[in-house]
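# Chain and residue survey
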Amino acid sequence: MATDGQKVVLITGCSSGIGLRLAVLLARDTQRRFYVIATMRDLRKKAKLEEEAGVTLHETLVIRQLDVCCDESVTECLNGLQDRKIDVLVNNAGMGQIGPLESLSMQDMQKVFDTNFFGVVRMIKAVLPDMKRRKSGHIVVMSSVMGLQGIVFNDVYSASKFAIEGFCESLAVQLLKFNVNVSLIEPGPVNTEFEMKLMEEVAKSEFPGADADTVRYFKDVYLPASHEIFVTLGQSPDTVAKEVIKVIAMRKPVFRYLTNSLYTPLVAMKYADESGNLSVRSFYNLLFNYGTIFHLSMNLLKCITCNCFRRRTVTPS
Ligand SMILES: NC(=O)C1=CN([C@@H]2O[C@H](COP(=O)(O)OP(=O)(O)OC[C@H]3O[C@@H](n4cnc5c(N)ncnc54)[C@H](OP(=O)(O)O)[C@@H]3O)[C@@H](O)[C@H]2O)C=CC1
Ligand SMILES: CC1=C(/C=C/C(C)=C/C=C/C(C)=C/C=O)C(C)(C)CCC1
């Protein structure tokens, strides 16, 4: 049970990736500021979290079942909490989707919205009455740079994150009246199971309905470039989790938090030219026209981020 003064943090999607690492790092806080309710939809996947939680399990971390797409599961989980009290709700659960639009089924696209948009809406709707009554609370949402700037072949995933951005921007104003804060976290690529799950889907697909040129652009141009982005700019789930902890610990939390400064200029283009041409054409050129420059600049970034440039210039041979 949470002790006085401890913040109760409920996190969705803790079976892997950012959610798992956030749960573990919060539970291991040296000042024991947090009591973590780490949730996942399938408890058969809890072994990894249990292992990484170590001695914090049943102390500052408990594991509960919660599927963000299921009303009963959400109700049951919240009713099982002491006084239904949650200080911080972290909406982390989510799924990606890539590929030519023509080859994706409406059902699969709806699943993305059910998880990334309506899943978050369902969670917020469920905790709101208690937070409003207590006049305290913090709602954190794992959005994405793709909630601010669309990326080719990520049309529906990106739309689901844009949707949650609009929802949160609207809601945040009303909630301030009740002393409830809303924060959007905007990571760029993060090296979790996210990319692998996407590649598994791609490997299974025969791209029904998509023409040969589009499939070629997707497979031979987009996929290698995207992988390069993950390798060069990708953050670790720990890095993102630590940024989230900073936001959770703030007395006056910020509304929007970009975790990856290397990616920020790509998002900023949109605000530099309100016509949208700068970003649309730059992304087009980066993908289709400047293959060599793209490749070189990614390699340069890789060197800067891994620090080998500095080591080479500073360390005498
Ligand atoms: N990785 C990246 O590059 C980026 C990720 N993000 C966002 O970060 C969040 C976490 O992703 P990440 O850790 O990278 O990816 P992972 O795939 O490692 O983790 C996703 C988590 O969400 C869970 N989940 C999916 N659907 C549901 C559901 N219906 N109910 C409950 N849990 C569910 C998964 O559970 P299960 O194991 O059961 O499938 C898993 O625990 C997502 O919202 C994603 O959109 C944002 C920017 C970049
Ligand atoms: C920047 C960039 C690209 C890819 C970006 C990617 C792949 C970003 C992934 C972000 C993720 C995974 C967010 C999750 O929410 C392209 C189109 C290859 C080429 C042009 C420049």
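Residues numbered from 1 in each chain as written. Chains lettered and ligands numbered in written order. Predicted model: local features only at pLDDT ≥ 70, side-chain atom pairs only at ≥ 80, totals over all residues. Heavy atoms only, no water.

As a further point, take the site of ligand 1. Taken together, 30 residues lie around ligand 1, and Ser15, Arg41, Tyr157, Thr192 and Lys197 are the ones closest in. In this structure, a nitrogen atom belonging to ligand 1 sits 2.9 Å away from a side-chain N or O atom of aspartate 67. In this structure, an oxygen atom belonging to ligand 1 sits 2.6 Å away from a side-chain N or O atom of lysine 197. Its free accessible area being 890 Å², ligand 1 has 96% of it covered by the protein chains. When residues of the shell around ligand 1 are traced back to their parent elements, those giving at least two are helix 1 (17-27), helix 5 (155-176) and helix 6 (193-204). (Near = heavy atom within 4 Å. Polar contact = N/O pair within 3.5 Å; in protein donor to acceptor, adjacent residues only side chain to side chain. Areas by Shrake-Rupley, 256 points an atom, 1.4 Å probe, with all protein chains shown as cover. Helix = DSSP H or I, 4+ residues; strand = E, 2+ residues; numbered from the N terminus.)

We now examine the packing of aromatic side chains. In this structure the tally under the stated criterion is 10 aromatic pairs. Between tyrosine 284 and phenylalanine 288 the ring centres are 5.2 Å apart and the planes differ by 50°, which places this aromatic pair in the tilted class. One end of the pair, tyrosine 284, and the other, phenylalanine 288, are both in helix 10 (residues 277-289), four residues apart, so they sit about a helical turn from each other. Across the ring face of phenylalanine 178, the terminal group of lysine 132 is positioned such that the distance to the ring centre comes to 4.6 Å. (Phe/Tyr/Trp six-rings, centres within 6.5 Å; stacked < 30°, edge-to-face > 60°. Lys NZ or Arg CZ within 6 Å of the ring centre and 35° of its normal.)

Another aspect to go through is the UniProt feature "binding site: substrate" (unreviewed entry) in the chain. Within this structure's numbering, the places UniProt gives as "binding site: substrate" (unreviewed entry) are Ser144. Within the element layout of this structure, serine 144 appears in the loop between strand 5 (137-142) and helix 5. If sequence neighbours within four positions are ignored, serine 144 has contacts with Tyr157, Lys161, Glu165, Ile185, Glu186 and Pro187. (UniProt positions renumbered as here; feature names shortened; annotations may be inferred. Contact = heavy atoms within 4.5 Å.)

Between helix 9 (residues 264-272) and helix 10, the least distance of the axes is 8 Å, while the angle of their chain directions is 145°. Facing Leu266, Met269, Lys270 and Ala272 of helix 9, the residues of helix 10 in contact are Leu278, Ser279, Ser282, Phe283 and Leu286. Residue composition of the contact of helix 9 with helix 10, grouped by class: six nonpolar, two polar and one charged. (Axes fitted to C-alpha atoms, helices over the stretch in contact; angles between N-to-C directions. Nonpolar A, V, L, I, M, F, W, Y, C, P; charged D, E, K, R; others polar.)

Right, let's get into the domain arrangement of the chain. Segmenting the chain into domains produces domain 1 (7-261) and domain 2 (273-312). Placing the centre of domain 1 and that of domain 2 at their C-alpha centroids yields a distance of 27 Å. (Domains from an automatic or database assignment.)

The environment of ligand 2 is formed by 17 residues, the closest being Ser144, Met146, Tyr157, Ile229 and Phe230. One nitrogen or oxygen atom from the side chain of serine 144 is found 2.5 Å from an oxygen atom belonging to ligand 2. Separating an oxygen atom of ligand 2 from a side-chain N or O atom of tyrosine 157 is a distance of 2.5 Å. Starting from 540 Å² of accessible surface for ligand 2 in isolation, the protein chains cover 96%. When grouped by side-chain class, the residues that make up the shell around ligand 2 number 15 nonpolar, two polar and no charged. Shared between two domains, the shell around ligand 2 takes at least three residues from each, and those domains are domain 1 (7-261) and domain 2 (273-312).

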